[in-house]
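Residue-level structural notes
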Amino acid sequence: MKRILGLVLTLVLLAGVIAGCSNSASSNSGKDSDDVLKVWSFTDELQEPIKTFEEKNGVKVELTIIPIADYPTKLKPVLESGVGAPDVFTGEIAFLKQWIERDYWENLSADPYNADEWSEDYVPYVYDLGKDSEGNVKALSWQTTPGGIFYRRSIAKEVLGTDDPKEVGGMMSSWDKMFEVGEKLKAEGYRLFPDEGSIRWFAKSEDPQPWVNENDELIMTEAKLNYFDQAKKLREKDYTAFAPEWSPSWLASMNGPIAYNGGWEEVDENASGEKTEVFSYALPTWGLHSVLKLNAEDTAGDWAVTTGPSPYFWGGTWLGVYSGSKKKDLAWDFVKMMTHDEEFLTDWAKDTGDVLSYLPVTNKIKDDFSEEFLGGQNNYEFFLEEAKKIEPGIVTEYDQQIDTLLGSKVTEYVDGKLTKEEAIQEFYKAVENAYPNIKTPK
């Protein structure tokens, strides 16, 4: 995925503790015409597929890319009015479930689409996320976005005695073990993670349950409660580089040492003060291509990816046919090419390294991947194994806001502004204010 700016904006929207994802708004040239298939997205990753579709079908496709921060507010009015609406549009995990429960996307389980027949062709959680509460398929995705821990091989060899992904993963397989690694790294002048927010994915996925159940009750798992203490421990033990996610220091730390002069910054000839290097980053599949490769030129080849305390996924792009489109046949042809065309998807995976959710292709190509940036590791096979561990059915329409609220209170606790109990109670109050229908623990 080539969408670093959109990822930054998504994280501003999602986390404060948060894939998929856009560059600035743009549009392919083309006038409003019945001969044009209109596609709207928050990501630029459809640009090359659209060229392929145009060549194969002899049609014109107009792609409009809208920054993720503006995407929901600009798309919703045209979907509801039908005026100027696209024929195909994408959805990101942050608002996917909200849109699926509305009539924006065509029901792909019905004739003539019959997408239910494809249920065994996809990674289960990906296919599940595209269904509404009645089990109808509304959107499909060609990709799966499980996460892992990307780490520096040279630092692993120096401090841990090995850079083998399985052995390093074993050393990071529980919270206690991960903190032990953090202590060893600190003793040698390194930092385990860039910041405390790096562990939020493991806290969320350790006991995978939806934030809100069918009775509108907030599910506050023990793992999420423990997140407060785990983040606090990272700070107090000095296992992080105080480089907040998506900040300049976070990006700079991927390329080598950073120095502390009241704030972390990339080392240059005038840098003074304490210097450190960050060992690892919690990122999903797209993090390799859209984050690390773009910001770690000097450390390319010195990376690997492994497992953490629990499997997780982050982001993803789904697409479907607008229910009010007058060109549904052509729109469906485009969706089919992106999500179920074996020839196209095989070429796409080999050209981009995008980890597919479409199993007929992944089962054929997964054994032959070797990523030079990761020292020759087959990250494709790694991520497909991680995708199998992800529980379907845990995403709700409330996740974006509640994740953000939780992250802000964890940060206030870590910063010493609130006690743990105060932070938890303020989190509950914030959820109640945002969603009066949700019942929080008492």
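Our subject is the structure listed above.
Residues numbered from 1 in each chain as written. Predicted model: local features only at pLDDT ≥ 70, side-chain atom pairs only at ≥ 80, totals over all residues. Heavy atoms only, no water.

**Points about the pairing of strand 11 (residues 303-306)**
Threshold: Buried residues are those whose accessible area, probed at 1.4 Å on protein chains only, stays under 20% of the maximum for their type, while exposed residues exceed 50% and partly exposed ones sit between those limits. Runs of E in the DSSP output that reach at least two residues are strands. Runs of H or I that reach at least four are helices, and both are numbered from the N terminus. One bridge is not enough; two strands pair if DSSP finds at least two bridges between them.
Residues Trp303 and Val305 line one face of strand 11 and the alternating positions Ala304 and Thr306 line the opposite face, and both faces are buried. Pairing geometry for strand 5 (residues 147-152) and strand 11, over four bridges, is antiparallel. Opposite Tyr151, over in strand 11, you have Ala304 as the bridge partner.

**A short note on the pairing of strand 5**
Across the six residues that make up strand 5, a large majority, six, are buried. Side chains Gly147, Ile149 and Tyr151 project from strand 5 onto one buried face, and the interleaved Gly148, Phe150 and Arg152 project onto a second face that is buried too. Where strand 5 meets strand 10 (residues 280-284), five bridges bridge the pair, whose relative direction is antiparallel. Paired with Tyr151 across the two strands is Ser280, which belongs to strand 10.

**Some details on the pattern of salt bridges**
Here is the rule we go by: The term salt bridge refers to a side-chain nitrogen of Lys or Arg lying within 4 Å of a carboxyl oxygen of Asp or Glu.
On inspection of all chains with the given rule, the structure shows 22 salt bridges. The salt bridge involving Lys56 is made with Asp341; its shortest N-O contact spans 4.0 Å. With a gap of 285 residues between them, Lys56 in helix 2 (residues 47-57) and Asp341 in the loop between helix 13 (328-340) and helix 14 (342-352) connect regions that are remote in the sequence. Among the residues examined, Lys56 registers a relative accessible area of 47% and is labelled partly exposed. Among the residues examined, Asp341 registers a relative accessible area of 22% and is labelled partly exposed. Two residues, Arg235 and Asp415, come together in a salt bridge whose shortest N-O distance is 3.1 Å.

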